[in-house]
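As a plain string of letters, each chain reads:
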Amino acid sequence: MTWIETFRRGASGWARHGLDLLYPPRCSLCDAEPTPCDRSAPASGARVCDACRRLLSGDRPRCIRCAAPLPDTLDADPVDAVGVSPRCDRCAHRAGRPLEGLVVLGAYDASLREQVLRTKRPAGRLVAAGLARLLVDRHRDVLHGWAVDLVVPVPMHWLRRCRRGTSAADELARWIGAGLGVPWAAALRRRRATRMQNELPWEDRRANVHGAFRAGRRVAGRRLLLVDDVTTTGSTLLASATAATAGGAAAVYAAVVARADRDEDS
Ligand SMILES: [Zn+2]
Ligand SMILES: [Zn+2]
């Protein structure tokens, strides 16, 4: 290490400690002060306290392909990214494409719902950063095993984005990319406005988003990680993955904060 690098590192360390004294680091999700061990500069830029980590990251084992909860008797954590990852009965006998794998932080219960709603508010950037950090920390081995090289948010139609001013999926993609050291790009577009999936009965959701997306040139030959805040039927992810595959993506995986588990899953 040259003396310039040594000086730079030292200076940024002092600056950080100086800022920590002025503004003690706070948890991105609940505003509590994190434990000292969590003060090291996190890759995703967010700090999360132990209580939030326990509350939001203690999910059950899930299928590595569709994230359906697995029977409690199957005592397996999906950490093996190369072949023997646990799958549900449905996925065990079905081809992976176009969506080859899906990881989630947890079920869409009261705690995660509250945090997901907070990401949609104007100051939700920090919350998205905190959730992204938990998601990457929980599934780091699987995500690295997938060897993705572009993180892509599930797109919101421009009209809705104008009204809201922010997209939770964009923020999550940005921070998940930072956590993995992989670039992110809004490489999928909505061709048309669709109705909100959560306003529709499950059986109508696939038709609502069918053909609703198109992929830009950047996806060609890339291994994509699609990112969204919530998935229920998986129809939006599937339609996005289909568009990405049609656009030449080499492989498509997904990471989503919360999965609304249906009764038939459990
Ligand atoms: Zn917290
Ligand atoms: Zn499955």
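Our subject is the structure listed above.
Just so we're clear, the structure is a prediction, and the values are computed from it rather than from any experiment.

## A look at helix 9 (residues 235–246)
With twelve residues, helix 9 extends 16 Å between its outermost C-alpha atoms, agreeing within 8% with the 16 Å of an ideal straight helix rising 1.5 Å per residue. Among the residues of helix 9, those classed as buried are S235, T236, L237, A239, S240, A241, A243 and A244. Looking at the buried side of helix 9, the elements it contacts are strand 1 (101–107), strand 3 (188–190), helix 8 (202–209), strand 4 (213–215), strand 5 (223–231) and strand 6 (251–259). Of the residues trailing helix 9, G248 is marked for its positive phi of about 100°.

## Observations regarding unusual backbone geometry
Phi at A67 is positive, roughly 65°, even though this residue is not glycine. Within the secondary structure layout, A67 lies in the loop between helix 2 (50–57) and helix 3 (89–92). Overall, the presence of 27 C-beta atoms within 10 Å leaves A67 in the buried class. A positive phi angle, close to 55°, is found at A147, a residue other than glycine. Secondary-structure assignment places A147 in the loop between helix 5 (125–146) and strand 2 (150–153). Here A147 falls in the exposed class, since 12 other C-beta atoms lie within 10 Å of it.

## Some words on the sheet that holds strand 2
Sheet strands line up and pair through hydrogen bonds in the backbone, either parallel or antiparallel. The sheet built from four strands is open, its strands ordered 1-6-5-2 with parallel pairing. Across the chains shown, the open sheet's two edge strands, defined by having one partner strand only, are strand 1 and strand 2. In this sheet, adjacent strand axes meet at a mean angle of 20° when their direction is disregarded. Here strand 5 runs beside strand 6; their pairing, made up of eight bridges, is parallel. Its bridge partner being in strand 6, R223 is matched across the sheet by A251. Relative to the sheet, helix 5 contacts strand 1, strand 5 and strand 6, its axis offset from that of strand 1 by approximately 155°. Each of strand 1, strand 5 and strand 6 is contacted by helix 9, which is oriented at about 160° to strand 5, the strand it contacts most.

## Thoughts on the environment of G211
Note that G211 resides in the loop between helix 8 and strand 4. For the pair G211 and S240, spaced 29 residues apart in sequence, the C-alpha separation works out to 8.6 Å.

## Quick notes on the packing of helix 8 against helix 9
How two helices sit against one another is set out by the angle between their axes and by the gap between those axes. Where helix 8 meets helix 9, the closest approach of the two axes is 9 Å, and the angle between their N-to-C directions is 25°. Between helix 8 and helix 9, the angle falls in the class roughly parallel. Seen along the crossing, helix 8 lies across helix 9 with a hand that is right-handed. Along the contact surface, helix 8 presents R205, R206 and V209, while helix 9 presents S235, T236 and A239. Tallied by class, the residues present in the contact of helix 8 with helix 9 amount to two nonpolar, two polar and two charged.

## Side note on the pairing of strand 5
Put simply, side chains in a regular strand alternate between the two faces of the sheet. Summarising burial for strand 5: seven of the nine residues are buried, a large majority. Pairing of strand 2 with strand 5 involves four bridges; the strand directions are parallel. Looking at strand 5, one finds that L150 is bridged to L224.

## Quick notes on the nonpolar core
The nonpolar side chains of a soluble globular protein tend to be buried, and buried together. In this structure, V152, L172, I176, L224 and V227 are the most contacted members of the largest nonpolar core, which totals 73 residues. Those residues within four positions of V227 in sequence are excluded, and the remaining contacts are V151, V152, P153, V154, A169, L172, A173, I176 and A255.

## Side note on the environment of R218
As for its position among the elements, R218 is in the loop between strand 4 and strand 5. We classify R218 as partly exposed; it has 18 C-beta atoms within 10 Å. Considered as a pair, R218 and L150 are 68 residues apart in the sequence and their alpha carbons are 8.9 Å apart.

Thresholds applied
Residues numbered from 1 in each chain as written. Chains lettered and ligands numbered in written order. Predicted model: local features only at pLDDT ≥ 70, side-chain atom pairs only at ≥ 80, totals over all residues. Helix = DSSP H or I, 4+ residues; strand = E, 2+ residues; numbered from the N terminus. Expected span 1.5 Å × (residues − 1). Buried ≥ 20, exposed ≤ 12 C-beta atoms within 10 Å, placed from the backbone. Contact = placed C-beta atoms within 7 Å. Pairing = 2+ DSSP bridges. Axes fitted to C-alpha atoms, helices over the stretch in contact; angles between N-to-C directions. Parallel < 35°, antiparallel > 145°, perpendicular 65-115°, else oblique. Left-handed = near helix turned anticlockwise from the far one by under 90°. Nonpolar A, V, L, I, M, F, W, Y, C, P; charged D, E, K, R; others polar. Core = buried A, V, L, I, M, F, W, Y, C linked by C-beta atoms within 7 Å.

Any functional reading would require information that these geometric values do not contain.
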